[in-house]
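Here are the chains, one letter per residue:
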Amino acid sequence: MGQTITEQILGDHLVEGELTPGEEIGIEIDQVLTQDTTGTMVWLQFEALDLDEVQTELAAQYCDHQTYQFDFKNTDDHRFLRSAAGTFGAYFSRPGNGICHQVHKENFAAPGKTLLGSDSHTPTPGGLGQLAIGAGGLDIAVAMGGGAYYVEMPEVVNVQLTGELPEWATAKDVALHLLGELTVKGGVGKVLEYTGEGAESLTIPERTTITNLGTELGATSSIFGTDEKTKDWLARQDREEEFVELSPDEDAEYADTIEVDLSDLEPLIATPSMPDNVVPVREVAGEDVEQVIIGSCTNGAYEDILPGAKMLKGREVAKKTEMIVAPGSKQASEMLAREGWTAEMMAAGVNFSEATCGACIGIGHVPASDSVSLRTFNRNFEGRSGIEDDSVYLCSPEVATAAAITGKIIDPRDLADELGDLEAPGLEMGTKYGPGMGESDPDIISPDEAVDDDLIKGPNIGDVPPEGRARLRHPWRGAPQDGGQHHDRPHHPGDGGHPQVPLEHREALGVHAVARRRHVRTARAGRRRRLPRGRRELRPGLLA
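What counts as what
- Residues numbered from 1 in each chain as written.
- Predicted model: local features only at pLDDT ≥ 70, side-chain atom pairs only at ≥ 80, totals over all residues.
- Heavy atoms only, no water.
- Helix = DSSP H or I, 4+ residues; strand = E, 2+ residues; numbered from the N terminus.
- Buried < 20%, exposed > 50% of the residue type's maximum accessible area, 1.4 Å probe, protein only.
- Pairing = 2+ DSSP bridges.
- Axes fitted to C-alpha atoms, helices over the stretch in contact; angles between N-to-C directions.
- Contact = heavy atoms within 4.5 Å.
- Salt bridge = Lys/Arg side-chain N within 4 Å of Asp/Glu carboxyl O.
- Polar contact = N/O pair within 3.5 Å; in protein donor to acceptor, adjacent residues only side chain to side chain.
- Parallel < 35°, antiparallel > 145°, perpendicular 65-115°, else oblique.
- Nonpolar A, V, L, I, M, F, W, Y, C, P; charged D, E, K, R; others polar.
- Core = buried A, V, L, I, M, F, W, Y, C linked by side-chain atoms within 4.5 Å.

1. Here's the deal with unusual backbone geometry
A negative phi angle is the norm for most residues apart from glycine, just as the trans form is the norm for most peptide bonds.
Alright, step 1. The linkage connecting P272 with the following residue, S273, adopts the cis geometry, with an omega of -5 degrees.
Alright, step 2. Examined against the element boundaries, S273 turns out to sit in the loop between β13 (268–270) and β14 (278–280).
Alright, step 3. One non-glycine residue, D50, lies in positive phi territory at about 60 degrees.
Alright, step 4. Among the structural elements, D50 can be located in the loop between α2 (39–48) and β4 (58–62).

Here you go:
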């Protein structure tokens, strides 16, 4: 029997168990990422393992949630995270450089690799063919220490896309359509694997928008195969050597198949206050809108913001409406600025935010009371925007911009008919993005460029107590039995969540687990790998 893409990657990284849905497996982790609301605890836990440096091929620390640094605790956390990255051999992305998922996609995500991240939208680079999973902070620390990641083998569902997107329909509408059909629990215990001619018609930015919103479906992960579009996008980031061809075997078997004809889609919108309350935009047209925000890890790329800029050229934002653009990365900000689009949007009345999670988690740009906010984000849980009883809608950048122009919710097709000279902007790729891998980027500090060789802890950061260190190094007493999903499930408002590993098993995840993975890695050394691995030149010792 042939294998799906998911099974190919998991099989190549399997260290324990069988690829039988519902059975627990342990997998080797190639890359890890963490952000500033979870990273401090991750590095304190890693410190307690008493290892000199991370054991994964690559580790990256991002500062994206507390970018505004409202008090010294945020700034102290960022300094500590920089020192931890430098001390233990991780890349460090400075505050303001962008949201972890967007920056990681630009710089490090690679087809065929596994990625574990302490943020629920970690599956975003699945659009590039990377199998990425969100997990709890302790899971990240253990993976950085060389330990396997344990999870119930998910079912693999084939989402077969046919046709092509019509004008004014976007990748965001693909994801919203699935949310409307499947609900926020429809992907629990599953990996959504996108195939078909429709999948091949989508660009990498479109694919990563869809895989990002797989989290709202409750999916363990989401993934696309790779093709010439993947190779082209990597080449634009100066990372063409990372390309690996990935496709399901002809006789691969899926647990289920979902068919979506892209040509049937229209502009959609998620109404308050759940991502799966999806209706056509025309059903809620006419609602007054006081705030519009384009950005987030879902729609904050250059390719997401550019359509709005084109629509606004020669026009203005409605007088009663505020429009904010919050790019997903500084790379996106710089590209828009160099091409003159930032000035065009500012002239139309748009305000620009730093590249940060910010408003998506209720930090900055909180809506007014009794008002409607249209956002290109991934979540609209009640109160998440920073005010109780909010009224937040989720939509594409095109729908958001149309509302900004008119001050009301309107289908952009109807706005185009009214104006007569508004053309569908489509999706335009940038000709040149960045150097890739953080090279020549002042906002990414590589392990070789580390400015710290010891941890810097402010008064708000303590040490792991001796008894805690002992528990982290306790011998393994059995694999965790909980195969739950990522720490922040879509039907749980907020970003608190819970770690993947249940409490009763956490003390068993220390040195013995690290040693066991090293033993398995040695035993597997002679086995032929199905996928090419490890082509990066990293600091000696960083490669496991």
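2. Some remarks on helix α1 (residues 5–13)
Alright, step 1. The buried fraction of α1 amounts to 8 of the 9 residues, a majority that puts the element mostly inside the structure.
Alright, step 2. Within α1, the full set of buried residues consists of I5, T6, E7, Q8, I9, L10, D12 and H13.

3. Here we look at the sheet that holds strand β10 (residues 190–195)
Alright, step 1. Read from one edge to the other, the open sheet built from 4 strands follows the order β11-β10-β9-β12, with strand pairing classed as parallel. Since the sheet does not close on itself, it has two edges, and those belong to β11 (221–224) and β12 (256–261), each with one partner. Each adjacent strand pair in this sheet contributes to an overall mean axis angle of 20 degrees, direction not counted.
Alright, step 2. Examined bridge by bridge, strand β9 (residues 155–162) and β12 share 6 bridges and lie parallel to one another. By the bridge assignment for β12, N158 is matched with T257.
Alright, step 3. Sitting on the sheet, α1 touches β9, β10 and β11, and the angle it makes with β11 is about 110 degrees.
Alright, step 4. In this fold helix α8 (residues 204–212) packs onto β10 and β11, with an angle of close to 160 degrees to the strand it touches most, β11.

4. A short note on the sheet that holds strand β6 (residues 114–117)
Alright, step 1. Across the sheet, which stays open at both edges, the 6 strands sit in the order β7-β6-β3-β4-β5-β20 with mixed pairing between neighbours. The open sheet is flanked by β7 (131–134) and β20 (444–445), the only strands paired with a single partner.
Alright, step 2. Pairing of strand β3 (residues 31–34) with β4, which is carried by 4 bridges, proceeds in the parallel orientation. In the sheet register, Q31 faces β4, and the bridge partner there is L58.

5. Observations regarding the pattern of salt bridges
Alright, step 1. Per the counting criterion, the structure on display carries 20 salt bridges.
Alright, step 2. Close ionic contact of R79 with D76 constitutes a salt bridge, the shortest N to O distance being 3.4 Å. With R79 and D76 both in helix α3 (residues 72–88), this residue pair falls 3 residues apart, about one helical turn.
Alright, step 3. Its salt-bridge partner being R413, residue E266 comes within 3.0 Å of it at the nearest N-O pair. On the criterion of sequence distance, the pair formed by E266 in the loop between β12 and β13 and R413 in helix α15 (residues 412–419) is long-range, its members being 147 residues apart.
Alright, step 4. Where salt bridges share partners, they join E266, R282, D411, R413 and D414 into one cluster.

6. Looking at the environment of A85
Alright, step 1. Tracing the backbone shows A85 in helix α3.
Alright, step 2. Expressed as a C-alpha distance, the spacing of A85 and D452, which sit 367 residues apart in the sequence, is 8.3 Å.
Alright, step 3. Excluding residues within four positions of it along the chain, A85 makes contact with A90, Y91 and F92.

7. So, the side chain of E57
Alright, step 1. Structurally, the position occupied by E57 is in the loop between α2 and β4.
Alright, step 2. Within the local environment of E57, its side chain forms a polar contact with the side chain of K113, the two groups lying 2.8 Å apart.

8. Here's the deal with the packing of helix α12 (residues 330–338) against helix α13 (residues 341–348)
Alright, step 1. Between α12 and α13, whose axes approach to 5 Å, the crossing angle comes to 85 degrees. As judged from the angle between their axes, α12 and α13 are roughly perpendicular. Touching S333, L336 and A337 of α12 are W341, T342 and M345, all from α13.
Alright, step 2. Residue classes in the contact of α12 with α13 are distributed as 4 nonpolar, 2 polar and no charged.

9. Section: the environment of E283
Alright, step 1. Take E283: it is sitting in the loop between β14 and β15 (291–295).
Alright, step 2. Judged by its relative accessible area of 58%, E283 is exposed.
Alright, step 3. Considering only alpha carbons, one finds E283 and L268, 15 residues apart in sequence, at a separation of 9.4 Å.

10. A look at the environment of V159
Alright, step 1. By secondary structure assignment, the location of V159 is in strand β9.
Alright, step 2. In this structure, the C-alpha to C-alpha distance between V159 and E193, residues 34 residues apart in sequence, is 5.8 Å.
Alright, step 3. Sequence-distant contacts of V159, that is, excluding residues within four places in its chain, are made with L178, L192, E193, Y194, T195 and I258.

11. Things to note about the nonpolar core
Alright, step 1. Among the nonpolar cores identified, the biggest contains 47 residues, and I269, V292, L312, M323, M345, L374 and I409 are the most heavily contacted of them.
Alright, step 2. Only α9 (228–236), β15, α11 (302–312), β16 (322–326), α12, α13, α14 (397–406) and α15 provide two or more residues apiece to this core.
Alright, step 3. Those residues in contact with M345 that sit more than four places away from it in its chain are I305, A309, L312, V325, L336, V350 and F352.
Alright, step 4. Judged by nonpolar contacts, the second largest core, of 44 residues, contains L81, M144, M153 and I461.

12. Things to note about the pairing of β6
Alright, step 1. Residues T114 and L116 line one face of β6 and the alternating positions L115 and G117 line the opposite face, and both faces are buried.
Alright, step 2. Bridge analysis of β3 against β6 gives 3 bridges, and the strand direction is parallel. Each residue of the ladder has a partner; that of Q31, found in β6, is L115.

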